[in-house]
Amino acid sequence: MIKSLPKETYLNINSGMISYAFHRISGIAISVYLILHIYTLGAVGKGEEAFNHSIAKYDNLFGHFMEYLILIAVVYHTLNGIRIIFADFFNMTLLHKRLILLTWIAFVLILGYSISYFFPGLSI
Amino acid sequence: MHYIDIGDKPVTFALVQERLQSPWWILFDSLLLITALYHALNGIWSIVLDWNPGKTVRRFLGWSLSIVGIIALILGLYILIPFTI
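Keep in mind that this is a model prediction, so the values were computed, not measured.

Draft legend 1. Representation of the packing of aromatic side chains within the structure. Under the defined criterion, the tally for this structure stands at 10 aromatic pairs over all chains. Ring centres of W104 of chain A and F107 of chain A lie 5.7 Å apart, and the angle between their planes is 80°; this geometry places the pair in the edge-to-face category. Within this pair, W104 of chain A and its partner F107 of chain A are both found in helix α4 (residues 96-118), separated by three residues, close to a single helical turn. By relative accessible area, F107 of chain A is classed as buried at 9%. Pairwise contacts between aromatic rings join F22, Y76, W104 and F107 of chain A into one cluster. In this structure, R19 of chain B is placed above the aromatic ring of W25 of chain B, and the distance from its NZ or CZ to the ring centre is 4.9 Å.

Draft legend 2. Here's a closer look at the interface of chain B and chain A. Listed as interface residues are 21 residues of chain B and, on the opposing side, 23 residues of chain A. If you look at where chain B meets chain A, you find one salt bridge. Taking the shortest distance from any N to any O, the salt bridge between D50 of chain B and R24 of chain A comes out at 2.7 Å. Residue assignment for the side of chain B that touches chain A shows that the elements contributing at least two residues are α2 (23-50) and α3 (55-84) of chain B. In terms of residues, the side of chain B that touches chain A owes the most to one element, α2 of chain B, which gives nine residues.

Draft legend 3. Broad picture of the packing of helix α1 (residues 15-41) of chain A against helix α3 (residues 61-89) of chain A. Residue and element names in this part refer to chain A. Close contact between α1 and α3 brings their axes to 9 Å; oriented N to C, the two are set at 130°. Judged by the inter-axis angle, α1 sits oblique to α3. Between α1 and α3 lies a crossing of left-handed hand. In this structure, α1 uses S19, F22, H23, S26, G27, A29, I30 and Y33 to contact α3, whose residues at the interface are I70, A73, V74, Y76, H77, N80, G81, R83 and I84. For the contact of α1 with α3, a count of residues per class yields nine nonpolar, seven polar and one charged.

Definitions and limits used
- Residue numbers restart at each chain and count upward from 1, following the sequence in its written direction.
- Lettering of chains starts at A and numbering of ligands starts at 1, both following the order in which they are written.
- It should be noted that, the model being predicted, local features are given only for residues of pLDDT at least 70 and side-chain atom pairs only at 80 or more, the latter also being counted only at that level, while totals for whole chains, interfaces and linings use all residues.
- Side-chain measures were taken over the full set of non-hydrogen atoms in the model, leaving aside hydrogen atoms and water.
- Note on aromatic contacts: the rings of Phe and Tyr and the six-membered ring of Trp form a pair at centre separations within 6.5 Å, being stacked when their planes are under 30 degrees apart, edge-to-face when over 60 apart, and tilted otherwise.
- In this description a helix means any DSSP run of H or I spanning at least four residues, a strand means any run of E spanning at least two, and both kinds are numbered starting from the N terminus.
- Categorising residues by exposure relies on relative accessible area from a 1.4 Å probe, with only protein chains included: less than 20% of the type maximum marks a residue as buried, more than 50% marks it as exposed, and the intermediate range marks it as partly exposed.
- Placement of a positive charge over a ring is assigned whenever Lys NZ or Arg CZ falls within 6 Å of the ring centre and within 35 degrees of the normal to the ring plane.
- In this analysis, two residues are considered to be in contact whenever any of their non-hydrogen atoms come within 4.5 Å of each other.
- Just to be clear on terms, a salt bridge is a Lys or Arg side-chain nitrogen sitting within 4 Å of an Asp or Glu carboxyl oxygen.
- Here, axes are lines fitted to C-alpha atoms. For helices the fit covers the stretch in contact, and angles between N-to-C directions go from 0 to 180 degrees.
- For classification purposes, angles smaller than 35 degrees are called roughly parallel, those larger than 145 roughly antiparallel, those between 65 and 115 roughly perpendicular, and all remaining angles oblique.
- In this scheme the crossing of two helices becomes right-handed for a clockwise turn of the near helix relative to the far one and left-handed for an anticlockwise turn of less than a right angle.
- Only Asp, Glu, Lys and Arg are considered charged, only Ala, Val, Leu, Ile, Met, Phe, Trp, Tyr, Cys and Pro nonpolar, and every remaining residue, Gly among them, polar.

Here it is in structure tokens:
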């Protein structure tokens, strides 16, 4: 029962559309994380031990992996947002494709560098 | 990062309390909370507008997002208080 997508979603795809899609997806993910963050830190109302315990719940492999996903979402959203600010406010609309390439390169570099902080075996 | 701090110290109550003794960090955390909540909920509102709902649904979702924002703001600022003592 899948409604077929309109033609403009899969014809003439360009890099701007893909950046926009990832920007929106990462934005939703960060919003969900924000609610979870406030909920986790709310344990401070029950005292210091409850607070330490509720943070220590995330100190396993799965928690570190989820944190890495948060890093991916935040880094991509930030870099794309900076690209949009540059294109809008500094009159760089002619450099659009180059700016998008720059953001993807910076994104991959930052991800590769930061993986060693989360999984203390890997390092690139 | 949830557990590993910059100086390889685990994130505990004491670590956060030490940082939040300075009023500049309190101001920074409060401003970050307000900005992040506003940006996130405004983004969700923009997604709702892309679906182009009718008048009633739009008003309902708009008000619910605003109320979620106000509640989260009050909760967040209330959570900051035990660290500043």
